[in-house]
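Each chain, letter by letter, is given below.
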Amino acid sequence: MNPYILATLLFGLGLGTTITFASSHWLLAWMGLEMNTLAIIPLMAQHHHPRAVEATTKYFLTQAAAAATLLFASVTNAWLTGQWEIQQITHPLPSTMITLALALKIGLAPLHAWLPEVLQGLNLTTGLILSTWQKLAPFALILQLQPSNSTLLIILGLTSALIGGWGGLNQTQLRKILAYSSIAHLGWMILILQFSPSITLLTLLTYFIMTLSAFLVFKLNKSTNINTLATSWTKAPALTALTPLILLSLGGLPPLTGFMPKWLILQELTKQGLAPTATLAALSALLSLYFYLRLSYAMTLTIAPNNLTGTTPWRLPSTQLTYPLAISTVMTICLLPLTPAISTLLIS
C-alpha cells in the first residue's frame, strides 16, 4: 500500500477514536465510530484475497448495523427525554439499545459471531489493530453509560467469559483462538465495569500489552495455525522458550502479569457480594487456560527428538522490528510484582 494512503488511513483511525473520546453529544460520538470503521476497511481489504474481502464485508455489515442501532437509540432518547448528551441516558429503552449496539461493535457474546470469522480473514497486523485499537472508542462510550444497566452488563460479561473459553477449545487457527481470547477478556472487563471502572481500564491496558506480544510473536514466526508453531523453535529458540509464558499470562496464571486483573476483579466481585458470579468467571478462565496450554504444548513439547507435526520452514532472517516485541514481552511476563504501585496509580 502507498505510504501516503496508509498514513491517511491511520490518521483517520486515530482521529475517529479521538472524536469519540472527546464527544459529549451522541451524533459526534456516532461520527467518530463511523470514521473509525471507514478508515480500517481499506486496511482490511488491501490484499485482495477472497477471504480478506469476505472478512471486510462481514465487518462492514456488523459495524453498520451497530452504528445504525446506536443512532436510532440516541434519536429515541432525544425524542423521549429531549437530551442529546451522552451522560443523560435516563430512559431504560435507549440505554439498553445503546449498550447492545456497543456490545456488537466490540464483539461481546452473544453478539460475538462476527469476530472470529473476521479476524481469520485478516493478516496479523490488521488483526492486531482490530483486536486492540478498535475496542477503544466503543469502550469509552460504555464507560460513560455504565451505571444504568447493571444486570445486562453482568449477563453480557459472564456470557462472553464462558463463550470465549468454550469457543477456543476446538480451534487450530491462531487468529480464531486470539479472537475467542479477546471475547473472554472483554467479558471480564464488562463484568467489573459498574463496580470499578478503574479496574476495567487496568484490565484493558494489560489485555492490550499481552495481545500485542502474542500477535508480534506469531507475526515473527509467520504462524497462523498450531502446526506451524511446532516448528518455530528452529527460527527463534529464545523466543520459543518465552512464548509459553506470554500465552500463560494471557490465560491469567500467576506469577505473570495476566493474573493481576483477574485477581483484582475476583476480589472486587466478592466484596460486592457476587461470589457465584466470581466463581463462574474463575471457572471460565480455566477453559481459556486449556487452549493456551495447547499452544504452549505445541510450541515447546513437540520439538526434536519428537515427531514434528509440520514441515520445517526455511530459516530466513526476519525483517520485523524486535524492540516492540521485547518491551511488550517483558511487560507481559514481569508486571505482577508491581500490582500495589499500579493499583495506587489507577484505582485510588
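Calculation criteria
Residues numbered from 1 in each chain as written. Predicted model: local features only at pLDDT ≥ 70, side-chain atom pairs only at ≥ 80, totals over all residues. Heavy atoms only, no water. UniProt positions renumbered as here; feature names shortened; annotations may be inferred. Domains from an automatic or database assignment. Contact = heavy atoms within 4.5 Å. Buried area = accessible area lost by both parts, 1.4 Å probe. Salt bridge = Lys/Arg side-chain N within 4 Å of Asp/Glu carboxyl O. Helix = DSSP H or I, 4+ residues; strand = E, 2+ residues; numbered from the N terminus. 1 Å grid on protein atoms, 1.4 Å probe; cavity = no way out; pocket = protein on both sides within 12 Å on 5 of 7 lines; lining within 4 Å. Points joined across faces, edges and corners; volume = space filled by probe spheres on them. Nonpolar A, V, L, I, M, F, W, Y, C, P; charged D, E, K, R; others polar.

The protein chain is annotated in an unreviewed UniProt entry as NADH-ubiquinone oxidoreductase chain 2 of Astatoreochromis alluaudi. Under the UniProt heading Sequence similarities (unreviewed entry), the entry covering the protein chain gives this text: "Belongs to the complex I subunit 2 family." Turning to the protein chain, the UniProt annotation filed under Catalytic activity (unreviewed entry) states: "a ubiquinone + NADH + 5 H(+)(in) = a ubiquinol + NAD(+) + 4 H(+)(out)".

### Remarks on the domain arrangement of the protein chain
For the protein chain, the domain assignment lists domain 1 (1–122) and domain 2 (149–306 + 320–347). In this complex, domain 1 contributes 17 residues to the contact, which on the side of domain 2 involves 19 residues. Of the roughly 1500 Å² buried between domain 1 and domain 2, counting both surfaces, carbon and sulfur atoms make up 71%. Seen at the junction of domain 1 and domain 2, the total is one salt bridge. Between Lys176 and Glu117 there is a salt bridge, and its shortest N-O distance comes to 3.5 Å. Mapped onto the side of domain 1 that touches domain 2, the elements with two or more residues apiece are helix H4 (92–106) and helix H5 (114–120). With six residues, H4 is the single largest residue contributor to the side of domain 1 that touches domain 2.

### Examining the layout of surface pockets
Space inside the second largest pocket adds up to approximately 150 Å³. Surrounding the second largest pocket, Leu43, Met44, His47, His49, Arg51, Ala52, Gln120, Gly121, Leu122, Asn123, Thr126 and Arg175 form its lining. At the level of secondary structure, the elements contributing two or more residues to the lining of the second largest pocket comprise helix H2 (26–44) and helix H3 (50–81). Here the lining of the second largest pocket is built from residues that sort into four nonpolar, six polar and two charged.

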